[in-house]
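The residues making up each chain are set out below.
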Amino acid sequence: MSDGSSMEGGLIPQDDAHALLQATVDNFPGGICVLDANLVMLLTNRRFYELLDLSQTMFPAGSNIEDVFRYNARRGEYGPGEPEEKVRARVSHVRSFQEHCFDREVGTGLVLEMRSAPKPGGGSILTYLDVTLKRRAEQDIIKHKETLENLVSERTGEIGRQAEELQRLLDQERHINELQRQFVTMTSHEFRTPLAIIDGAAQRLQRRKDQMTSDFAAEKAGLIRGAVSRMVDLMESFLSAGRIEHGRMFYDFRPCSLRAIVEHCVLRQKSIGSFHHFKVDLSELPPIVVADTAAIEQVFTNLISNAVKYAPTSPEIHICGSMENSSACVSIRDHGVGIDPEDLPKMFQRYFRARSSTGIAGTGIGLNLVKQIVEAHAGQIRLESRKNEGSTFTVVLPINTIMPKVDGFDQATTG
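Residues numbered from 1 in each chain as written. Predicted model: local features only at pLDDT ≥ 70, side-chain atom pairs only at ≥ 80, totals over all residues. Heavy atoms only, no water.

Draft legend 1. Broad picture of the sheet that holds strand 5 (residues 124–130). Spatially, the 5 strands line up as an open sheet ordered 2-1-5-4-3, and their pairing is antiparallel. Each of the sheet's edge strands pairs with one partner strand only, and the pair in question is strand 2 (41–44) and strand 3 (100–105). Across the sheet, the mean angle from the axis of one strand to that of its neighbour is 20 degrees, orientation sign disregarded. Pairing between strand 1 (residues 31–35) and strand 5: 5 bridges, direction antiparallel. (Pairing = 2+ DSSP bridges. Helix = DSSP H or I, 4+ residues; strand = E, 2+ residues; numbered from the N terminus. Axes fitted to C-alpha atoms, helices over the stretch in contact; angles between N-to-C directions.)

Draft legend 2. How the structure looks around the nonpolar core. Among the nonpolar cores identified, the biggest contains 43 residues, and L258, F300, L303 and I319 are the most heavily contacted of them. Looking at this core, the element that brings in the most residues is helix 10 (residues 293–309), giving 8 residues. Residue contacts for L303: discarding those within four places in its chain leaves I332, L367, V370, I381, F393 and V395. Core analysis: the next-biggest nonpolar cluster, separate from the first, contains 24 residues, L35, A73, V87 and F97 among them. (Core = buried A, V, L, I, M, F, W, Y, C linked by side-chain atoms within 4.5 Å. Buried < 20%, exposed > 50% of the residue type's maximum accessible area, 1.4 Å probe, protein only. Contact = heavy atoms within 4.5 Å.)

Draft legend 3. Geometry of the environment of K371. When you line up the elements, K371 lands in helix 11 (residues 366–376). Residue classification places K371 among the partly exposed residues on the basis of a relative accessible area of 28%. Sequence-wise, K371 and R382 are 11 residues apart; in three dimensions their C-alpha atoms are separated by 9.4 Å. With residues near it in sequence (within four places) discarded, K371 still touches F348 and I381.

Draft legend 4. Fine view of the packing of aromatic side chains. Tallying each qualifying case throughout the model produces 4 aromatic pairs. Between F48 and Y49, the ring centres sit 5.1 Å apart and the planes meet at 80 degrees, which makes this aromatic pair edge-to-face. For F48, a relative accessible area of 0% translates into the label buried. A relative accessible area of 5% means that Y49 is categorised as buried. A ring pair is formed by F59 and Y71, whose centres lie 5.4 Å apart and whose planes are at 65 degrees; its orientation type is edge-to-face. One end of the pair, F59, is in the loop between helix 2 (46–52) and helix 3 (65–74); the other, Y71, is in helix 3, with 12 residues separating them in the sequence. (Phe/Tyr/Trp six-rings, centres within 6.5 Å; stacked < 30°, edge-to-face > 60°.)

Draft legend 5. Region of the structure containing the sheet that holds strand 13 (residues 390–398). Spatial ordering of the open sheet is given by 8-10-11-13-12, a layout of 5 strands whose pairing is mixed. Every other strand in the sheet has two partners, leaving strand 8 (277–281) and strand 12 (380–386) as the edge strands with one partner each. Across the sheet, the mean angle from the axis of one strand to that of its neighbour is 15 degrees, orientation sign disregarded. Pairing between strand 8 and strand 10 (residues 316–324): 5 bridges, direction parallel. Each bridged residue has a counterpart across the sheet, and for H277 the counterpart in strand 10 is E316.

Draft legend 6. Up close: the pattern of salt bridges. Counting across every chain of the model gives 21 salt bridges. The partner of R70 in a salt bridge is E84, and the shortest N-O contact between them spans 2.8 Å. Residue R70 is located in helix 3, and its partner E84 is located in helix 4 (residues 83–95); the two are separated by 14 residues in the primary sequence. Of the residues examined, R70 reaches a relative accessible area of 19% and is grouped as buried. Owing to a relative accessible area of 24%, E84 belongs among the partly exposed residues under this scheme. Here E138 ties to R135 by a salt bridge, and the two come within 3.6 Å at their closest N and O atoms. You can see E138 and its partner R135 sitting in helix 5 (residues 132–154), 3 residues apart, about one turn around the helix. (Salt bridge = Lys/Arg side-chain N within 4 Å of Asp/Glu carboxyl O.)

Draft legend 7. Region of the structure containing helix 4. Helix length check: helix 4, at 13 residues, gives a terminal C-alpha distance of 18 Å against a target of 18 Å (1.5 Å per residue), a fit within 8%. Taken together, the buried positions of helix 4 are occupied by K86, V87, V91 and V94. For helix 4, the arc enclosing every buried residue in end-on projection is 130 degrees, short of the 170-degree limit, so these residues lie on one face. Buried-residue contacts for helix 4 involve strand 1 and helix 3. (Expected span 1.5 Å × (residues − 1). Arc of directions from axis to C-beta.)

Draft legend 8. Up close: the pairing of strand 11 (residues 327–333). The buried count for strand 11 comes to 6 of 7 residues, which makes it a mostly enclosed element. Sheet topology note: the strand 10/strand 11 ladder contains 7 bridges and is antiparallel. Its bridge partner being in strand 11, H318 is matched across the sheet by R333. What sits between the antiparallel neighbours strand 10 and strand 11 is a turn of 2 residues, in which N325 has the positive phi angle 55 degrees.

Draft legend 9. Region of interest: the packing of helix 10 against helix 11. At their nearest, the axes of helix 10 and helix 11 sit 9 Å apart, and the two run at 145 degrees to each other. Relative to helix 11, helix 10 is oriented so that their crossing is left-handed. Residues A295, I296, Q298, V299, N302, L303 and N306 of helix 10 form the contact with helix 11, whose participating residues are G366, L367, L369, V370, I373 and V374. Its residues assigned to classes, the contact of helix 10 with helix 11 comprises 9 nonpolar, 4 polar and no charged. (Left-handed = near helix turned anticlockwise from the far one by under 90°. Nonpolar A, V, L, I, M, F, W, Y, C, P; charged D, E, K, R; others polar.)

Given below as structure tokens:
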């Protein structure tokens, strides 16, 4: 069995379910440790053991994190002092299940950024990121600044030139640090919900392993795949935003079916959740447009998932296609929270989130990414919205236009 969707006798082996779950979390660039309310490690990944210099054989999933604390205390990871006192202090801190973040240098010399976030139903999700190079770079910059300040005082003739260079370096470093901080904050926040879904589905698979039916296994596998899809979409949005910012986005313009792209995005969204109903009418779309299929799919994945997310209690989503002169138009309308009029001009700015989105998870990257992709296709994105009545996003794409050169982008076109 390759993907858990077909099985003999209607049962799925526990090892296959665990392998699917483990493959998911192993793609996370940092260490992950999911704890239940009793501090039992429900889920870990390879990076967790690598960063903390632990033996996976000694502390497999199912161990208690208290045993890890005791092992670290006895080998001097927490400094001098009575090991059991240090264990008790850390157990008490973790058991509070409060959100917190701090840096700690481990015995291998790495500096790890450790974050804890409470888990729905009790317990917490611990993440570990290697920030050694970042912290050293910050220290180097501080030393470099002090050196430059001394030189400025000694060499009056160079003060203006050196001050400008220093400011440029500091602004660049602040920008990098801010992007890193936003990335870590967003990923840890956005991954919390899919990780909770994966955790819950895995626990149900474990509890029902002896009487598991094919329908039950397919349902739980669907939940896991939907959560993984959400994590993959988030990572793809982050990576695409980075490529666009650095001018490394490549578009492969070829004839494709806009209708097929939108319908595929709708089917993906349906596989993640069944509460919303999609009323789709794409009959007026032209059979072919010239576009980059993967990029346009990312556009509609963002817009459709947003329509669902920002209309949590309004199940109907309307998607319709039409023609406007020599362009194809696709509109996506929800009946959700809507947007304040004063927020409308800012909706496509990176990291901006409307006031009406308070309490709804999001990164503020998606709409900015959508706008840049659509404009790279010589198209436009339009937005109409009223607070508490819903929003309509309309994507307008040329049917068959030789794409203009966009500064900073590589492009491929068909002849």
